Amino acid sequence: MKPANFDHLAETLRNWGRWGPEDQRGTLNHIGPATLKAAAATVQSGKLFNLGLNFDKNGPQSGSGGRFNPKLYPIELFTPLNPAHPNARYSDDVIHMPLQSATQWDALSHVHYDGVLYNGCKACDTLSEKGAARLGIEHLATPGIMSRGVLIDMARFKRVERLPLDYAITVDDLNAACAAQGVEMAVGDIILVRTGHMRAFTVDQDRAGFMGMQPGLSHHCAEWVHDKSLAAVCADNMAVEILHPEGLTSEMPLAFHMLCLRDMGCPLGEMFNLEALAVDCAEDGRYAFLLSAPPLAVTNGFGSPVNPLALK
Ligand code: UVW
């Protein structure tokens, strides 16, 4: 069985053709000059927060799904720039990593169902060993991803350090948390949902626990994202949405992914480390900021690592 109401939601939320038949940027089209000016106007304290995990061998991957942690190799080390004058030298390196290894954006080509991707792109014409002929991450990289970011600190709102592993965040939760935080969504906003699950990795150093069953958004929240005309959705867990056995064994696993990426064209940002930002937002009561999170322009990529920055 599919998750409740899935087909109805998919039809209601589908943005195909909304920004033209050739569109490859989906809901990022909600971000215009007015949104960016409003985003810049949120900056007051000048405090800067890095929301990314490091990319190294100690990353969160535990090997499941073929994903591994980055491996770094020097290809030049102590190499003289001019052998005749070897005092000046340089070093270069190579990194071997899945684009999905740590903090990342999902491109609109990352998931699909019924053989079709966002904007009606046929999977058989789009996806190959060369990557995504359409809807690659490079289309989200130009001009980049920047907007007003809004932290929704669901763990703090529920007065817990972390949401329980089986907790599915509801539309009512989103509305109530926003009201408690005194923040209203605006067109083109990017939400950053804090479940507290990041602490399984950063505090417990439990990779398998972090990558396993986890709290997150219920697929019903896709309707809220659509109604608010949000540009993207990020979270501090691995999947943004809840991962639980019932969902993963259903006819439509990762239902929120499917509704966002495939039907709405809404990019998902995963494994954003929101801990320090959340402390500051609770202290000053300001949950909106300038978010800069440009993906790498990896041509034909299904995703990209990102080092997101929040400026308050
Ligand atoms: C999958 O697990 C397929 O995707 P994501 O990393 O986007 O959650």
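Because the structure is predicted, anything quoted here is derived from the model rather than measured.

## Observations concerning the overall build of the protein chain
Then, in step 1: Counting secondary structure elements, the protein chain contains twelve helices and 15 strands.
Then, in step 2: For a compact globule of 312 residues, the expected C-alpha radius of gyration is about 20 Å, and the protein chain comes in at 20 Å, within 12% of that figure.
Then, in step 3: If one aligns the C-alpha atoms of the protein chain with their principal axes, the spans along those axes are about 70 × 50 × 40 Å.
Then, in step 4: Burial status across the protein chain gives 53% buried among its 312 residues.
Then, in step 5: A separation threshold of at least 6 residues defines the contact pool for the protein chain, and within that pool the share at least 24 residues apart is 79%.
Then, in step 6: Accessible area of the protein chain: about 13800 Å², with a carbon and sulfur share of 55%.
Then, in step 7: With 25 positive and 34 negative side-chain charges, the protein chain shows a spacing of 4 Å between the two charge centroids.

## Here's the deal with the side chain of Glu275
Then, in step 1: Tracing the backbone shows Glu275 in helix H12 (residues 275-284).
Then, in step 2: When near neighbours in sequence (up to four residues on either side) are disregarded, Glu275 contacts Arg194, Gly196, Arg199 and Asp236.

## Brief notes about the sheet that holds strand S9 (residues 190-194)
Then, in step 1: The strand order across the open sheet formed by nine strands is S1-S15-S13-S7-S9-S11-S12-S4-S14, and the pairing between neighbours is mixed. Strands with a single pairing partner mark the edges of an open sheet, and in this sheet they are strand S1 (48-50) and strand S14 (303-305). Direction aside, neighbouring strands of the sheet carry axes that sit 25° apart on average.
Then, in step 2: Here five bridges tie strand S7 (residues 146-153) to S9, and the two strands are oriented parallel to one another. Note on S9: the bridge partner recorded for Leu151 is Leu192.
Then, in step 3: Strand contacts of helix H2 (residues 33-41): S7 and strand S13 (288-292), with the helix running at about 55° to S7, the strand carrying the most contacts.

## Topic: the pattern of salt bridges
Then, in step 1: According to the stated counting rule, one finds 17 salt bridges in the structure shown.
Then, in step 2: Between Arg148 and Asp189 there is a salt bridge, with the nearest N and O atoms lying 2.8 Å from each other. With Arg148 in strand S7 and Asp189 in the loop between helix H6 (171-181) and S9, the pair connects residues that are 41 residues apart, well separated along the chain. Take Arg148 and Asp189: they sit in the same class, and that class is buried.

## Quick look at the nonpolar core
Then, in step 1: Within the largest apolar cluster, 44 residues are counted, with the highest numbers of intra-cluster contacts made by Ile152, Ile191, Leu217, Trp224, Val233 and Phe256.
Then, in step 2: Contributing elements (two or more residues each) for this core: helix H1 (6-13), S7, H6, S9, helix H9 (221-227), strand S11 (232-235) and helix H11 (255-264).
Then, in step 3: Ranked by the residues each element gives to this core, the list is headed by H11, at seven residues.
Then, in step 4: Among the nonpolar cores identified, the runner-up in size contains 26 residues, and Leu51, Ile190, Leu274 and Leu291 belong to it.

## Thoughts on the site of the ligand
Then, in step 1: Residues in contact with the ligand, as listed here, are Arg67, Gln104, Asp106, His110, Met238, Ala239, Leu254, His257 and Glu270.
Then, in step 2: Within the contact set of the ligand, an oxygen atom lies 2.7 Å away from a side-chain nitrogen or oxygen of Glu270.
Then, in step 3: Burial of the ligand by the surrounding chains reaches 79%, relative to a free accessible area of 270 Å².
Then, in step 4: Within the shell around the ligand, the residues separate by chemical class into three nonpolar, three polar and three charged.

## A look at unusual backbone geometry
Then, in step 1: Here Thr142 and Pro143 are connected by a cis peptide whose omega angle stands at 5°.
Then, in step 2: Mapped onto the elements of the fold, Pro143 is located in the loop between helix H4 (138-141) and S7.
Then, in step 3: One non-glycine residue, Leu254, lies in positive phi territory at about 50°.
Then, in step 4: With respect to the helices, strands and loops of the structure, Leu254 is situated in the loop between helix H10 (245-248) and H11.
Then, in step 5: A residue is classified by how much of its surface remains accessible, and Leu254, at 26% relative accessible area, is partly exposed.

## Notes on H12
Then, in step 1: Along H12, the residues classified as buried are Glu275, Leu277, Ala278, Asp280 and Cys281.
Then, in step 2: Positive phi appears at Gly285, one or two residues downstream of H12, with a value of about 70°.

Rules used throughout
Position numbers for residues count from 1 along each chain, tracking the sequence in the order it is written. With pLDDT at 70 or above as the cut-off, local features in this predicted model cover only qualifying residues; side-chain atom pairs require 80 or more to be listed or tallied, and sums for whole chains, interfaces and linings still use all residues. Excluding hydrogens and water, the side-chain figures rest on all heavy atoms present in the structure. Labels follow the DSSP assignment, with helices taken as runs of H or I lasting at least four residues and strands as runs of E lasting at least two, numbered in each case from the N terminus. Only C-alpha atoms enter the radius of gyration; for comparison, a globular chain is expected to reach 2.2 Å times N to the power 0.38, where N is the number of residues. Summary of the burial criterion: residues with accessible area below 20% of their type's maximum are buried, those above 50% are exposed, and those between are partly exposed, where the area comes from a 1.4 Å probe applied to protein chains only. The criterion used for residue contact is that any of the two residues' heavy atoms lie within 4.5 Å. Here the open area of atoms and residues is found with the Shrake-Rupley method and a 1.4 Å probe, where only the protein chains shown may cover a residue. Counting rule for charge: Lys and Arg are taken as positive, Asp and Glu as negative, and neither His nor the chain ends is counted. The atom standing in for a charge is NZ when the residue is Lys, CZ when it is Arg, CG when it is Asp and CD when it is Glu. DSSP-based pairing: two strands are paired if at least 2 bridges between them are found. Every axis in this analysis is a line fitted to C-alpha atoms, fitted for helices over the stretch in contact. Angles between the N-to-C directions lie between 0 and 180 degrees. What makes a salt bridge here is a side-chain nitrogen of Lys or Arg within 4 Å of a carboxyl oxygen of Asp or Glu, nothing more. Note on terminology: a nonpolar core comprises buried Ala, Val, Leu, Ile, Met, Phe, Trp, Tyr and Cys residues joined through side-chain atoms within 4.5 Å. Throughout this document, a residue counts as near a molecule or strand when at least one of its heavy atoms sits within 4 Å of that molecule or strand. Each polar contact in these results corresponds to two N or O atoms within 3.5 Å; when the atoms are within protein, one needs to be able to donate a hydrogen and the other to accept it, and residues that are neighboring in sequence are counted only if both atoms are side-chain atoms. Residues are sorted three ways: Asp, Glu, Lys and Arg are charged, Ala, Val, Leu, Ile, Met, Phe, Trp, Tyr, Cys and Pro are nonpolar, and all the rest, Gly among them, are polar.

In short, the description is geometric, and any link to function would need to be established separately.
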